[in-house]
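Descriptive analysis of the structure
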Amino acid sequence: MVVLRSTSDLAFRNWVLEQPEGETLLRCYQCGRCTSACPVAAIDNSFNPRLFLQKILLADESLTEEQLVWTCLTCEQCEVRCPEHVKIPHLLILAKVRGLVGGNTPQGALDRARAILAGGRTIMVNESMLKTRDKMGLPDLGQPPVDQIASVLKEIGLAKKLETVESVYGGGSNE
Amino acid sequence: MSKAKTYTYFPGCMIPFRLPHFEMAARAVLKRLDIELEANPGHACCPEPTTFTGVDFDAWVTLAARNVAVSETTGLETVALCSGCFHTLAVANHMIQEDEKLKGRINERLKTVGLKVTGDLTVKNILHVLHGDVGLERIKKEITHPLTGLKFAPHYGCHLVRPLEATHMDDAEQPMWMDDLIEVTGAEVAEFEDKMSCCGAPITPSDEDKAFTLTAQRIEKIRASGADAIIVVCPTCYTQLEMQQKKATAKFDPEYSIPVLYLGELLAIAMGMKDMVISNARRYHRVKVGPLLEKIGGAA
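This section reports on the structure supplied with the text.

Conventions we followed
Here the residue numbers are simple positions, counted from 1 along each chain's written sequence. Starting at A for chains and at 1 for ligands, labels are handed out in the order in which the entities are written. Thresholds applied to this predicted model are a pLDDT of at least 70 for local features of residues and 80 or more for the giving and counting of side-chain atom pairs; totals over whole chains, interfaces and linings are not thresholded and use all residues. In computing side-chain properties, one takes all heavy atoms of the structure into account and sets aside hydrogens as well as water. Helix numbers and strand numbers start at the N terminus; a helix is a DSSP run of H or I with at least 4 residues, a strand a run of E with at least 2. A radius of gyration in this sense is built from C-alpha atoms; the matching globule rule multiplies 2.2 Å by the number of residues raised to 0.38. Only protein chains enter the accessibility calculation, which uses a 1.4 Å probe. A residue is then buried if its area is under 20% of the maximum for its type, exposed if over 50%, and partly exposed in between. We call two residues in contact whenever any of their non-hydrogen atoms come within 4.5 Å of each other. Areas reported here follow the Shrake-Rupley algorithm with a probe of radius 1.4 Å; residue values treat only the protein chains shown as occluding. Here Asp and Glu are counted as negative and Lys and Arg as positive; His is not counted, and neither are the chain ends. Every charge is mapped to an atom, namely NZ of Lys, CZ of Arg, CG of Asp or CD of Glu. Defined in terms of a 1.4 Å probe, buried area is the accessible area two parts forfeit on being brought together, summed over both. When a carboxyl oxygen of Asp or Glu is within 4 Å of a side-chain nitrogen of Lys or Arg, the pair counts as a salt bridge. For the purposes of these results, a polar contact is taken to be a pair of N or O atoms within 3.5 Å, where, inside protein, one atom must be able to donate a hydrogen and its partner to accept one; residues adjacent in sequence count only when each atom of the pair is a side-chain atom. Three classes are used: nonpolar for Ala, Val, Leu, Ile, Met, Phe, Trp, Tyr, Cys and Pro, charged for Asp, Glu, Lys and Arg, and polar for all others, with Gly counted as polar. Aromatic rings from Phe, Tyr and Trp, taking only the six-membered ring of Trp, are treated as a pair when their centres fall within 6.5 Å; an angle between ring planes under 30 degrees marks them as stacked, one over 60 as edge-to-face, and anything in between as tilted. Any Lys NZ or Arg CZ that is within 6 Å of a ring centre and within 35 degrees of that ring's normal is treated as a charge sitting over the ring. The span one expects for a helix is its residue count, reduced by one, times 1.5 Å. Pairing between two strands is assigned when DSSP locates at least 2 bridges connecting them. Remark: nonpolar core denotes a set of buried residues (Ala, Val, Leu, Ile, Met, Phe, Trp, Tyr, Cys) joined through side-chain atoms within 4.5 Å. Fitted lines through C-alpha atoms give the axes, limited to the stretch in contact for helices. The angle between two N-to-C directions lies from 0 to 180 degrees. Here roughly perpendicular refers to angles of 65 to 115 degrees, roughly parallel to angles under 35, roughly antiparallel to angles over 145, and oblique to all remaining angles.

The next subject is the overall build of chain B. A count of helical and extended segments in chain B gives 17 helices and 8 strands. Over its C-alpha trace chain B gives a radius of gyration of 19 Å, about what one expects of a compact globule, namely 19 Å for 300 residues. The principal-axis extents of the C-alpha atoms in chain B amount to approximately 55 × 50 × 30 Å. Counting the 300 residues in chain B, one finds 66% classified as buried. When contacts within chain B are restricted to residue pairs at least 6 apart in sequence, those whose partners lie at least 24 apart make up 78%. Total accessible area computed for chain B in this model is approximately 10700 Å², and 49% of it derives from carbon and sulfur atoms. For chain B, the distance from the average position of its 33 positive side-chain charges to the average position of its 39 negative side-chain charges is 5 Å.

Shown next, in the form of structure tokens:
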């Protein structure tokens, strides 16, 4: 059964359609092959890619507040099986992005993003790692150009967003 | 001896600093095949494709495009040993090729650091290099210690292979290139259910229990094939299937374990560089590889 939560505002759907590869959404005719292909759906029937796509089609922004969108593996098994080659994991990525301001982002994801912006890497490189590389005869890789990262992202303003956003994502099992 | 070929090496974060035995094995094997890897100090985190995308996709594709643009300046083909890095660079490169508006927007941003992305770069993974550029015949000539009598399960991992339009791999559901490389070593390829299923790692930040349920299913299916070891390309798959294997096997048989080798390690062993693999195994393998390597026998 289709329950339309928000009829007045197509903002979410329109935003998705404007994003690169977002318009692939419109090829979805709700056949459900994505869900039958999905390894997460196979172990948790509350995870249903077909219904996620339906929510985006219906501009139901509540999807962006659902923790479940973050349990997509991005394995693309759904996309491989989709007869219309809808970019399903990418559309769920867009739902995740849209949920950032509300804090529906796992703490681990925020930490990684902050590390990348601050140091140009997902991990903190320490002395012992550098020594190990040296002992193994592997070349020095230098320091990533953090100033360039800041510069190319200035217009997007991600650094500012990350300063204030707090994760309200519970993580762990289903609520 | 043919002349050495050089690729721009995209190092990423995981391999060079957490799993440097991947890089060491890959470099040693490639050297035998007259290939050099040259890092470029302009590169930074790819950024990783499983969580950063969902924080800010526009930022992800912009930073990826910056790395692609840096690679373009080298005039060489780029190889990323890490599947996550490969996926990010290949997907961003593909999107730039397909979407002029996106390319224009990104180039406005890159202008601030004196870079430009054209989309002309060739981004490769280790299978493109070994299977495609070097070729099985050439690799066969370097196999001095055939792994006859052993059976290996190729775990390709998702991001190495999909989406095909960006990765330019052979098949999204039944890829064969790693199978072929295992066979070249003289070993047998294990047949198991769900060849392309995911290791589970991408959802550990959001739901660790579900992640390891998937990992457990994966290992159980490989176990049924009677494989002596799992062969991987991706450092994240390696972390999940090897370093964290106990968390997965606890779900079905805490007594069970199976060695996991990086594809570069497998080839290094077959090329007579067993000692290197053994010395790195102490630090970087939690599942003992000793018994497996004894089966191979012979001096290293």
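Still to come is the rest of the account.
Within chain A, the regular secondary structure consists of 10 helices and 0 strands. The helix and strand sequence of chain A, counted from the amino end, reads α-α-α-α-α-α-α-α-α-α. In terms of overall dimensions, chain A has a C-alpha envelope of 60 × 35 × 30 Å along the principal axes. Out of the 175 residues belonging to chain A, those deemed buried represent 50%.

As a further point, take the interface of chain B and chain A. The interface is formed by 62 residues belonging to chain B together with 63 residues belonging to chain A. Buried surface at the junction of chain B and chain A, both sides included, amounts to about 5300 Å², of which 66% is carbon and sulfur. Interface area lost by chain B to chain A is led by B:Phe17, B:Val55 and B:Lys210, which between them contribute 14%. The salt bridge involving A:Glu155 is made with B:Arg109; its shortest N-O contact spans 3.1 Å. Applying the counting rule to chain B against chain A returns 19 residue pairs in polar contact (both at pLDDT 80 or more). Residue contributions to the side of chain B that touches chain A peak at 6 residues, all from helix 4 (residues 57-74) of chain B. Of the residues contributing to the side of chain B that touches chain A, the split by class is 30 nonpolar, 16 polar and 16 charged.

A separate point is the packing of aromatic side chains. What the rule picks out here adds up to 5 aromatic pairs over all chains. Residues A:Phe47 and A:Phe52 carry aromatic rings whose centres are separated by 5.1 Å and whose planes lie at 85° to one another, so their mutual orientation is edge-to-face. Between B:Phe22 and B:Tyr262, the ring centres sit 4.1 Å apart and the planes meet at 15°, which makes this aromatic pair stacked. Of this pair, B:Phe22 sits in helix 2 (residues 20-32) while B:Tyr262 sits in strand 8 (residues 260-262), and the two are 240 residues apart along the sequence. The pair formed by B:Phe22 and B:Tyr262 is uniform in burial state, with each residue classed as buried. Put simply, the rings of B:Phe22, B:Tyr238 and B:Tyr262 pair up and form one aromatic cluster. Between the NZ or CZ atom of A:Lys96 and the centre of the ring of A:Trp70, over which it lies, the distance is 4.8 Å.

All names here are of chain B. The end-to-end C-alpha distance of helix 2 is 19 Å, a good match for the 18 Å that 13 residues give at a rise of 1.5 Å each. Of all 13 residues in helix 2, 10 are buried, a share of seventy percent or more. Here helix 2 has its buried residues at Pro20, His21, Phe22, Glu23, Ala25, Ala26, Arg27, Ala28, Val29 and Leu30. Just downstream of helix 2 lies Asp34, where phi reads positive at about 60°.

All names here are of chain B. Among the 5 residues in strand 5 (residues 151-155), 4 count as buried, and that is most of the element. Across 2 bridges, strand 5 lies against strand 6 (residues 188-189) in parallel orientation. Opposite Lys151, over in strand 6, you have Glu188 as the bridge partner.

All names here are of chain B. By size, the foremost hydrophobic cluster in this structure holds 167 residues, and its most contacted members are Leu127, Ile139, Phe152 and Leu263. Looking at this core, the element that brings in the most residues is helix 4, giving 10 residues. Residues in contact with Leu263, not counting those within four places in the same chain, are Ile126, Leu127, Leu130, Met178, Leu181, Ile231, Val232 and Val233.

Residue and element names in this part refer to chain B. Pairing is parallel across the open sheet formed by 4 strands, whose spatial order is 2-1-3-4. The strands lining the two open edges of the sheet, one partner per strand, are strand 2 (35-39) and strand 4 (123-124). On the sheet, helix 2 packs against strand 1 (5-10) and strand 2 and is oriented at approximately 140° with respect to strand 2.

For side chains bearing opposite charge, pairing can occur when the charged atoms are close. Enumeration according to the criterion identifies 28 salt bridges over all chains in this entry. A:Arg98 is the salt-bridge partner of A:Glu61, the closest N and O atoms lying 2.7 Å from each other. Within this pair, whereas A:Glu61 is found in the loop between helix 4 (49-57) and helix 5 (77-81), its partner A:Arg98 is found in helix 6 (residues 88-98), the two being separated by 37 residues in sequence. Judged by relative accessible area, A:Glu61 falls into the partly exposed class, the value being 27%. With a shortest N-O distance of 2.8 Å, B:Glu23 and A:Arg133 are connected by a salt bridge. Pair noted here: B:Glu23 is in helix 2 and A:Arg133 is in helix 8 (residues 127-135), and the two residues belong to different chains. Here B:Glu23 and A:Arg133 have matching classes, each one buried. Each of the salt bridges in this network shares a partner with another, and the network as a whole consists of B:Lys5, B:Glu77, B:Lys124 and B:Asp133.

All names here are of chain B. Direction vectors running N to C along helix 4 and helix 5 (residues 83-98) enclose 95°, while the axes themselves pass 9 Å from each other. Taken together, helix 4 and helix 5 sit at an angle that is classed as roughly perpendicular. Side by side, helix 4 and helix 5 meet where Phe57, Trp60, Val61, Ala64, Ala65, Asn67 and Val68 of the first sit next to Thr88, Leu89, Val91, Ala92, Asn93, Met95 and Ile96 of the second. Per-class residue counts for the contact of helix 4 with helix 5 are 11 nonpolar, 3 polar and no charged.

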